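Listed below, chain by chain, are the residues.
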Amino acid sequence: MDIRSPLPGVFYRRPAPELDPFVGVGSPVGPDTTVAIVEVMKQFFEVKAGTTGTIAGVAVADAEMVDAGQVLFTVRPG
Amino acid sequence: MAVSVLNPGLSTTVQDAGRPGYYNVGIPPSGSLDQYSSLAANLLVGNGEDAAVLECTYMGPELRFERPATVAVTGADLPPRLGGEPRPTWESFGVEAGDVLSFDFLRSGARAYLAVSGGFDVPVMLGSRSTYALGALGGVEGRALAAGDELPVGDADGAAPGRSVPEALRSTHPKHREIRVMMGLYDHRLTGEGRRAFLDAEWRLTTLADRTGFRYRGAALEFRERVAPFGAGSDPSNIVDAPYPIGSIQIPGGVEPIVLHRDAVSGGGYVMVATVISADMDDVAQSAPNSTTRFVEVDLDGALGARRRRAARLDALREAVG
């Protein structure tokens, strides 16, 4: 399973620069778990996992631009 | 009330053909940024050309229809779903009372247009239903849609579903674009090197791209030495305040050019090195962050020729769909 960005913008793994990432490899997630923020037009959009499982990989580096539909995380189901 | 907003998307606004005639007092034309796609959506559902549509930026809303209607989605490739089932773009389809319309992720472009038969019937302000959010004017209470909004829809004669825009008349949205500009009025402030850099650079659209302006990154432009005239700021990119045409490209500090679009501010003190020709403003509207653009210089004849070809394409659209 993949978690994709619903919109284009800048991908942030943390809620604030001094805080820990929302999730990392091994983190359990549920459908409503916030896994990242994507910023566009000065708005910060929370990306939800949308699935249940464990984060298996992080596909994009922090603060990189992403396109809509781009894979952000891979998830091991279960 | 005919359409309920379950989820507004990122920034969804009511727009129409615009509110021309008040820019001299600071109220911009507003209206759909991609006028071609907006017109196509109205034609597909049998609306007049001045009917209001929804402009959906990067993400689609989730809407529930409270009565039957014909709808169409054009512009960006933002795939619609009705009750979870895929529906086409650039083609009208029917909805029944209680149906929920949602959207998949954006595939290309930036702004999708959703028309409903009868048009979104918000109050007309200064001759237009368009939302100008900076001025809290038009649309739904002068703002983007919010969850819980109830959108009124006008009475429709009702075009039957199934109208379609021929393939050749559908917009496509490449990741790289060439946008035509006329140089000026202030390109004399650039050095020869600065001017070349402006036209040679591959400009990448930043996330600061909204209805007011589109900000790009990609090169630093060199200005000529000068003594700042009275009334101008000290930075070489400052001028004595001047009116800003829609499409003008200002470049604060010589970096990050900004193309002003239909919600622009009407004047200010930044040098405008070039202006996007009117025929290419729809393409600017469909540029998404991280896509790239090269600005290509044309002369006045080139710009007017492009305007005529765009008018012919609009007529071809009316002929094929209307």
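Throughout this description, residue numbers start from 1 for each chain and increase along the sequence as written. Chains carry letters and ligands carry numbers; both start at the beginning, A for chains and 1 for ligands, and go up in the order they are written. With pLDDT at 70 or above as the cut-off, local features in this predicted model cover only qualifying residues; side-chain atom pairs require 80 or more to be listed or tallied, and sums for whole chains, interfaces and linings still use all residues. No hydrogens and no water enter the side-chain calculation; it runs on all heavy atoms of the structure.

Colleague: Run through the interface of chain A and chain B, naming residues and quoting values.
Modeller: Taken together, the 17 residues of chain A in the interface contact 17 residues of chain B. Both sides together, the interface formed by chain A and chain B hides about 1,400 Å², and carbon and sulfur atoms give 74% of it. The working definition used for a salt bridge is a side-chain nitrogen of Lys or Arg within 4 Å of a carboxyl oxygen of Asp or Glu. At the surface where chain A touches chain B, the tally comes to one salt bridge. Across the pair lysine 175 of chain B and aspartate 67 of chain A runs a salt bridge whose closest N-O atoms are separated by 3.0 Å. Whenever a nitrogen or oxygen atom comes within 3.5 Å of another N or O atom, the pair is scored as a polar contact, on the condition that within protein one atom can donate a hydrogen and the other can accept it, and that pairs from neighbouring residues in sequence are kept only if both atoms are in side chains. Connecting chain A to chain B are two residue pairs in polar contact (both at pLDDT 80 or more). Note on conventions: DSSP H or I runs of at least 4 residues are helices, E runs of at least 2 residues are strands, and numbering of each starts at the N terminus. Contributions of two or more residues to the side of chain A that touches chain B are made by β2 (9-12), β4 (34-40) and β5 (43-48) of chain A. Residue contacts are counted whenever heavy atoms from the two residues lie within 4.5 Å of one another. Summed over both partners, buried area is the accessible surface (1.4 Å probe) that two parts give up on being assembled.

Colleague: Pulling in residues and values, what's your account of the packing of aromatic side chains?
Modeller: Residues and elements named next belong to chain B. Stacked, tilted and edge-to-face are the three classes assigned to paired rings of Phe, Tyr and Trp, where Trp is represented by its six-membered ring and a pair needs centres within 6.5 Å; plane angles under 30 degrees give stacked, over 60 edge-to-face, the rest tilted. Scanning all chains against the criterion turns up four aromatic pairs over all chains. Ring geometry for phenylalanine 198 and phenylalanine 295: centres 5.2 Å apart, planes at 10°, overall stacked. With phenylalanine 198 in helix α2 (residues 192-200) and phenylalanine 295 in strand β20 (residues 292-297), this pair connects stretches of sequence that are 97 residues apart. Think of it in three bands: residues with accessible area under 20% of the maximum for their type are buried, residues over 50% are exposed, and the middle band is partly exposed, with areas taken using a 1.4 Å probe on protein chains only. Using a relative accessible area of 0% as the deciding quantity, one classes phenylalanine 198 as buried. Classification of phenylalanine 295 by relative accessible area gives buried; the value is 1%. For the ring pair tyrosine 216 and phenylalanine 295, a centre distance of 5.6 Å and an interplane angle of 80° mean the geometry is edge-to-face. You can see tyrosine 216 sitting in strand β14 (residues 213-217) and its partner phenylalanine 295 sitting in strand β20, a full 79 residues away along the chain. In terms of burial, tyrosine 216 and phenylalanine 295 fall into one category: buried. Through pairs of rings, three or more aromatic residues link up here, namely Phe198, Trp203, Tyr216 and Phe295.

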